[in-house]
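# Coordinate analysis (summary)
Residue strings, one per chain:
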Amino acid sequence: MTRQMTGAEMVVQALIDQGVEHLFGYPGGSVLPIYDELFQQDKVQHILVRQEGGAGHSAEGYARSTGKVGVVLVTSGPGATNMVTPLADALMDSIPMVCITGQVATHLIGSDAFQEADTVGITRPCTKHNWLVKDVNDLARILHEAFYVARSGRPGPVVVDIPKDVQFATGTYQGPALVEHKTYRPRVEGDQAAILAAVEMIAKAKKPLFYTGGGVINSGPEASALLRELAHLTGFPVTSTLMGLGAFPATDKQWLGMLGMHGTYEANNAMHDCDVMINVGARFDDRITGRLDAFSPGSKKIHIDIDPSSINKNVRVDIGIVGDVAHVLKAMLAAWKSAGHKPDKAGLKSWWSEIDGWRARNSLGFRQNSETILPQYAIRTLYERTLGKDVYISTEVGQHQMWAAQYFGFDEPNRWMTSGGLGTMGYGLPAAIGAQAAHRDALCIDIAGDASILMNIQELSTAIQHELPVKVFILNNQYMGMVRQWQQLLHGNRLSHSYTDSLPDFVKLAEAYGAIGMRCEKASELEGAIDAMIAAPGPVLFDCRVANLANCFPMIPSGKAHNEMLLAADATDEVIANAIDAAGKALV
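Right, let's walk through the structure included here. Within every chain, residues take consecutive numbers counted from 1 along the sequence as written. pLDDT decides what is reported in this predicted model: residues at 70 or higher carry local features, side-chain atom pairs at 80 or more are listed and counted, and totals for whole chains, interfaces and linings draw on all residues regardless. The basis for every side-chain value is the complete set of non-hydrogen atoms in the structure, without hydrogens or water.

Quick look at helix 21 (residues 506-513) now. Using a 1.4 Å probe on the protein chains alone, a residue whose accessible area is under 20% of its type maximum counts as buried, one over 50% counts as exposed, and one in between counts as partly exposed. In this text, helices come from DSSP runs of H or I with a minimum length of four residues, and strands from runs of E with a minimum of two, each type numbered from the N-terminal end. Among all positions in helix 21, only F506, V507 and A510 are buried. Projected down its long axis, helix 21 carries its buried residues within an arc of 105 degrees, all on one side. Set apart from the buried face of helix 21 by more than 90 degrees, the exposed residues are K508 and A512. Here a polar contact means two N or O atoms within 3.5 Å. Within protein one must be a hydrogen donor candidate and the other an acceptor candidate, and residues neighboring in sequence count only if both atoms are side-chain atoms. Two or three places before V507, at the start of helix 21, stands the capping residue D505, its side-chain oxygen 3.0 Å from that residue's backbone nitrogen. Looking one or two residues beyond helix 21, the residue adopting positive phi is G514, at roughly 95 degrees. To obtain the arc, one takes the directions from the helix axis to the C-beta atoms.

Right, dumping it as structure tokens:
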């Protein structure tokens, strides 16, 4: 389809042609022509946020819960700069996002005009690619390219910066079928020789481990299904990064839980002692590896990733396979079956026996033996009360995020939305709004902390306006919990500015926005209160008062290896003091 349109019309038509149903944004002077076109159509629903950063995180939640591209529309200057954090967040976590920004007229660029900013320059380090459109006849092609780049290969955010005069200008619109990117063509099929070598290595393993990441989820539901098939065929244990939760069922007997700094004892010890590690769509992040020179020292390593730059970037591997997870796993399954491979049963039996010994430590165990609500109990109870429901969970960042990852089980992909790489406080509420916009009848819950929730609390107004019944479950301990924990363990218990006194009354704050406010302070009342939250017809702020000084364990102290975890049961003053001393020496 080619026809004459204004630039503003092209933007809206491109969104329609790309199948966009929801757009998160905030109007301003340099995007008013586009907003005028949005007003005159009914195919794309615009969701008005209260701050541009909220639009970005909403688009992330939308993308993460659907597998589609999240789309944002904001104005120039401060509108664009407010998007920097969500863009950086999406880049770190490989979230596909198209951000359309307005810009001052082309003849004013570089003159320090009102609400001018070098959007392309500012966002270049936190996007996969960005464009400044100076000719209306390039606009349609660039918009379609933007969607292609955002969703292809390793997904990520892109920016299209459109000056106001280009939005008013008239040019020729071309549909997506006529756009072919000439240089960016990511490899999706893995090298067959490398795949065969990997399968041979896996077949000989005695202590194998699948280490899975967000790339499994980004590859689509087929990748998760293939991972499950391969894991069940081999009988190998499976662990996951924070971003990969849900790719393999948490209720499966082969699941070891999350690994890394706050992972389970069994997952981290298995990572340290395995002889063959199969990394599927993870990037060897520092929160996973711990001390690099002590990371899984005796294992041979296979790394499957669609991003070539991730192979051998942080950890040297024996076999690197560049390709889309689903394609590579399908080829690996075919090779395994055609060769008639069988796992080493004797070795695997011994390996599982070793793992069961680590499991017996019950590293996530806790005792709820008083009316003061332990945060672990709060998350576990929330999980139990939502079983069987269509649930999407987002989080803010901090202790509550780690407790959610530890105690809320995910059996399906795309149900877990959290800020992993950048660790962005304020992510959870807008992300839940994005998920709720995509899944109107689902139960979308933001597990929050009392400090994090205040970062983007204004987005509660967005939920009210658009009738999005998100639930915000606040673990309120009156501290920036993770900051306080690190200050206790690493800084001599000097709690410098981590006590969040002068908190609002969350019940009254909810009511001020027109939402429902609830509070629970007793463990015996928690189940009923959560049921009431779930049954509430609209947005809810649930103030769950939890133990003030609870710490998040297990924990790998700074400078330690995976097999040197600090467990809650071992966290005596003497052990903590030794951990602090060792961490201090490691950091010098």
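There's plenty left to go through after this.
Turning next to the sheet that holds strand 14 (residues 319-322). For two strands to count as paired, DSSP must find a minimum of two bridges between them. Strand order in the open sheet formed by six strands is 11-10-9-12-13-14, with parallel pairing between adjacent strands. Both outer strands of the open sheet, strand 11 (255-258) and strand 14, are each paired with one neighbouring strand and no more. Between one strand axis and the next, the sheet turns through 15 degrees on average, direction left out of account. Both strand 10 (residues 238-240) and strand 11 contribute to a ladder of two bridges, which runs parallel. Paired with V238 across the bridge in strand 11 is W255. In what follows, residue pairs with any heavy atoms lying within 4.5 Å of each other are defined as contacts. Each axis is a line fitted through C-alpha atoms, taken for helices only over the stretch in contact, and angles between the N-to-C directions span 0 to 180 degrees. In the packing of helix 12 (residues 265-273) onto the sheet, the strands contacted are strand 9 (208-212), strand 10, strand 11 and strand 12 (276-280), and the crossing angle to strand 11 comes to about 100 degrees.

Structurally, D138 can be placed in helix 7 (residues 136-151). With 328 residues separating them in the primary sequence, D138 and H466 have C-alpha atoms 34 Å apart.

With that out of the way, let us pick up the layout of surface pockets. Computed from the structure, the second largest pocket encloses a volume of approximately 560 Å³. A pocket, in this scheme, is an open set of points on a 1 Å grid over the protein atoms alone with protein on both sides within 12 Å along at least 5 of 7 lines, while a cavity is a set where a 1.4 Å probe fits but cannot get out; residues line either one if an atom lies within 4 Å of a point. Taken together, 27 residues form the lining of the second largest pocket, with A250, W255, G257, L364 and Q406 sitting closest to its centre. Going through the elements one at a time, strand 11, helix 16 (375-386) and helix 17 (399-407) are the ones with two or more residues in the lining of the second largest pocket. Per element, the largest residue contribution to the lining of the second largest pocket is four residues, and it comes from strand 11. Residue composition of the lining of the second largest pocket, by class: 13 nonpolar, 10 polar and four charged. For the purposes of this description, domain bounds are those given by an automatic or database domain assignment. Each of domain 2 (192-359) and domain 3 (375-545) accounts for three or more of the residues forming the lining of the second largest pocket. Grid points are joined across faces, edges and corners, and a volume is the space filled by probe spheres set on the points. In this count, Pro and Cys sit with the nonpolar residues alongside Ala, Val, Leu, Ile, Met, Phe, Trp and Tyr, while Asp, Glu, Lys and Arg are called charged and the others, Gly among them, polar.

These figures capture arrangement, not role.
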